[in-house]
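# Observations on the three-dimensional arrangement
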Amino acid sequence: MKTLEQLLRPSILKLTPYSSARNEFTGEASVFLDANENPYNAPYNRYPDPYQNELKVQVAQLKGVNTNQIFFGNGSDEPIDLLFRAFCEPQIDNAILIDPTYGMYQVAADINNVLVKKVALTQTFSLNTKDLLAAADENSKLLFLCSPNNPTGNCFNSDDLEHLIRNFNGIVVLDEAYIDFAPERSFLSRLNEFTNLVILQTFSKAWGMAGIRLGMAFASEAIIRVLNKIKYPYNINNLTQQKAIELLKNSEQKDKWVALLLSERTKLENILSHFPWVKKVFPSDSNFLLIKVDDAKAVYLSLVAQKIIVRDRSSVSLCSGCLRITIGTPEENQQLINALNNYSL
Ligand SMILES: *Cc1c(COP(=O)(O)O)cnc(C)c1O
């Protein structure tokens, strides 16, 4: 196994990060004349905590990890981008992606001018572990796995995931954005077993906070230190930190939402499968359903005309004829069913 030092871009390894005013001072003080802030307009006048310590204490407790194993980003997009910037030398290094998967990995690779190797899932949407490992070469630095996967909705076999983490000679990024909806356990409880694992989670889905933009990355202290070194100094604003601290106190609410959405998913799964033009409702471990229909475009356009928007995934590999439908409130799901009944006429 390569060491972190061997995997990092040399320029990042030797980087001296920007040191902000709030970085350099730790301790108690009441008069802050160090950051050229306006003394008026509290509380908005102050720069936010660059390392989000209060929020990290709460999340550490909730997730059973140490605060130094947590990185917060402006959505999951930020750690995805930072991982490319930390590990992949443009035009030289590469990342391995499963296909199909979340589109943001490819976009982040493209923005960073990093080559991507795609390895198809099997017809049943499971991991092709042999092909994934065979695709890796000396310059493969990142392997992105998403479980439950978007847009296929399924969790991958945890032995397959473990096999890849143990045998990929680089950093494995395991995106668990939908893990709260899955019967499978998060790899977070096993984080300490793997030095090359980065787990992504988010407040955007089960927690209902997509609007405040807060993503989480969990990894070894050494990897978190690298992400901290290259992030924007004040990447998580005060309003987001405070709102998250407030909403995190209410994790029973999140659990109730998840339970409701899961029961709605089961209901919708059942109803959808009875439409004659629905060829398949794929099993889901997430808060959406992927369905294969006779004519994806026609169903999509009919729904749009009835003011309901779903995601047309029919151009995605292994997903021809497929729509991705997010589970809504019971009322929204009923409206969807009514609209699909109209389509059936
Ligand atoms: C929705 C989603 C996310 C969340 O992204 P944020 O930037 O945190 O809102 C991450 N990964 C996958 C696979 C997703 O579908």
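Here, every reference points to the structure presented above.
A short tour of the structure in this document, coming up.

What counts, and at which threshold
Residues numbered from 1 in each chain as written. Predicted model: local features only at pLDDT ≥ 70, side-chain atom pairs only at ≥ 80, totals over all residues. Heavy atoms only, no water. Helix = DSSP H or I, 4+ residues; strand = E, 2+ residues; numbered from the N terminus. Buried < 20%, exposed > 50% of the residue type's maximum accessible area, 1.4 Å probe, protein only. Contact = heavy atoms within 4.5 Å. Areas by Shrake-Rupley, 256 points an atom, 1.4 Å probe, with all protein chains shown as cover. Lys, Arg positive; Asp, Glu negative; His and termini not counted. Charge placed at Lys NZ, Arg CZ, Asp CG, Glu CD. Near = heavy atom within 4 Å. Polar contact = N/O pair within 3.5 Å; in protein donor to acceptor, adjacent residues only side chain to side chain. Nonpolar A, V, L, I, M, F, W, Y, C, P; charged D, E, K, R; others polar. Pairing = 2+ DSSP bridges. Salt bridge = Lys/Arg side-chain N within 4 Å of Asp/Glu carboxyl O. Axes fitted to C-alpha atoms, helices over the stretch in contact; angles between N-to-C directions. Left-handed = near helix turned anticlockwise from the far one by under 90°. Phe/Tyr/Trp six-rings, centres within 6.5 Å; stacked < 30°, edge-to-face > 60°. 1 Å grid on protein atoms, 1.4 Å probe; cavity = no way out; pocket = protein on both sides within 12 Å on 5 of 7 lines; lining within 4 Å. Points joined across faces, edges and corners; volume = space filled by probe spheres on them. Parallel < 35°, antiparallel > 145°, perpendicular 65-115°, else oblique.

## Description of the overall build of the chain
- Counting its regular elements, the chain contains 13 helices and eleven strands.
- On the principal axes, the C-alpha backbone points of the chain span a range of 70 × 50 × 30 Å.
- By the burial criterion, 51% of the 345 residues in the chain qualify as buried.
- Residue pairs in contact within the chain that sit at least 24 positions apart in sequence constitute 69% of those at least 6 positions apart.
- Looking at the chain as shown, the accessible area adds up to about 16700 Å², and 51% of this sits on carbon and sulfur atoms.
- On the chain, the mean spot of the 34 positive side-chain charges and the mean spot of the 37 negative ones are 2 Å from each other.

## Comments concerning the site of the ligand
- Close to the ligand lie 14 residues, the nearest being Asp175, Tyr178, Ser204, Lys205 and Arg213.
- Contact between the ligand and lysine 205: an oxygen atom at 3.3 Å from a side-chain N or O atom of the residue.
- Separating an oxygen atom of the ligand from a side-chain N or O atom of arginine 213 is a distance of 2.6 Å.
- Here the ligand, which alone exposes 390 Å², has 93% of that area covered by the protein.
- The residue makeup of the shell around the ligand, split by class, is five nonpolar, five polar and four charged.

## Digging into the pairing of strand β1 (residues 70-73)
- By the alternation rule, side chains of β1 split into Ile70 and Phe72 and Phe71 and Gly73, which are all buried.
- Looking at chain direction, β1 and strand β7 (residues 215-218) are connected through four bridges and run antiparallel. Following the sheet pairing, phenylalanine 72 is matched in β7 by methionine 216.

## Structural notes on the pattern of salt bridges
- For the structure on display, the rule yields 16 salt bridges.
- Here glutamate 221 ties to arginine 225 by a salt bridge, and the two come within 3.7 Å at their closest N and O atoms. Note that glutamate 221 and arginine 225 are positioned in helix α9 (residues 221-230) at a spacing of four residues, about one turn of the helix.
- The class for glutamate 221 is partly exposed, based on a relative accessible area of 39%.
- Residues joined in a network through salt bridges with shared partners are Glu162, Arg166, Arg190 and Glu193.

## Concerning the packing of helix α4 (residues 53-63) against helix α10 (residues 238-248)
- Interhelical geometry of α4 versus α10 gives an angle of 30° and a closest axis separation of 9 Å. Of the two possible hands of crossing, α4 and α10 adopt the one that is left-handed. Contact residues: Glu54, Leu55, Gln58, Val59 and Leu62 in α4; Gln241, Ala244, Ile245 and Leu248 in α10.
- When its residues are assigned to classes, the contact of α4 with α10 shows six nonpolar, two polar and one charged.

## Thoughts on the packing of aromatic side chains
- A full pass over the atoms with the stated rule returns ten aromatic pairs.
- On the numbers, 5.1 Å between centres and 80° between planes, the contact of tyrosine 178 with phenylalanine 288 is edge-to-face. Here tyrosine 178 is found in the loop between β5 (171-175) and β6 (197-202), whereas its partner phenylalanine 288 is found in strand β9 (residues 288-293), with 110 residues between them in sequence.
- Its relative accessible area of 2% is what places phenylalanine 288 among the buried residues.
- For the ring pair tryptophan 277 and tyrosine 343, a centre distance of 4.9 Å and an interplane angle of 80° mean the geometry is edge-to-face. Note that tryptophan 277 is positioned in the loop between α11 (251-272) and β8 (278-281) and tyrosine 343 in helix α13 (residues 330-344), a separation of 66 residues in sequence.

## Observations regarding empty space enclosed by the protein
- Under the criterion given, the structure shown has one cavity of 30 Å³ or more.
- In this structure, the largest cavity spans a volume of roughly 50 Å³.
- Lining the largest cavity are Ser147, Cys155, Phe156, Ser158, Leu161, Leu174, Glu176, Ile179, Glu184, Arg185 and Phe187.
- Of the residues in the lining of the largest cavity, the class split is six nonpolar, two polar and three charged.

## Things to note about the packing of helix α12 (residues 296-305) against α13
- Contact geometry of α12 with α13 gives a least axis separation of 10 Å together with a crossing angle of 120°. Taken as axis vectors, α12 and α13 run oblique relative to one another. Where α12 crosses over α13, the two elements pack in a sense that is right-handed. Residue-level inspection shows Ala298, Val299, Ser302 and Leu303 of α12 in contact with α13, the latter providing Leu336, Ala339, Leu340 and Tyr343.

## So, the pairing of β6
- Within β6, six of the six residues are buried, which leaves it mostly tucked inside the rest of the structure.
- Every second residue of β6 is oriented toward a common face, with Leu197, Ile199 and Gln201 on one face and Val198, Leu200 and Thr202 on the other, all of them buried.
- Note: β5 against β6, four bridges, orientation parallel. Of the residues in β6, the one forming a bridge with valine 172 is leucine 197.
- For β6 and β7, the ladder comprises four bridges, and the chain directions are antiparallel. Note that in β7 the partner of isoleucine 199 across the bridge is phenylalanine 218.

## Describing the side chain of serine 140
- Tracing the chain through its elements places serine 140 in strand β4 (residues 140-146).
- Among the polar contacts made by the side chain of serine 140, one reaches the side chain of asparagine 94 at a distance of 2.7 Å.
- There is a polar contact of 2.9 Å between the side chain of serine 140 and the backbone nitrogen of aspartate 137.
- Excluding its chain neighbours within four sequence positions, the residues that come into contact with serine 140 are Asn94, Ile96, Ala135, Phe168, Asn169 and Gly170.

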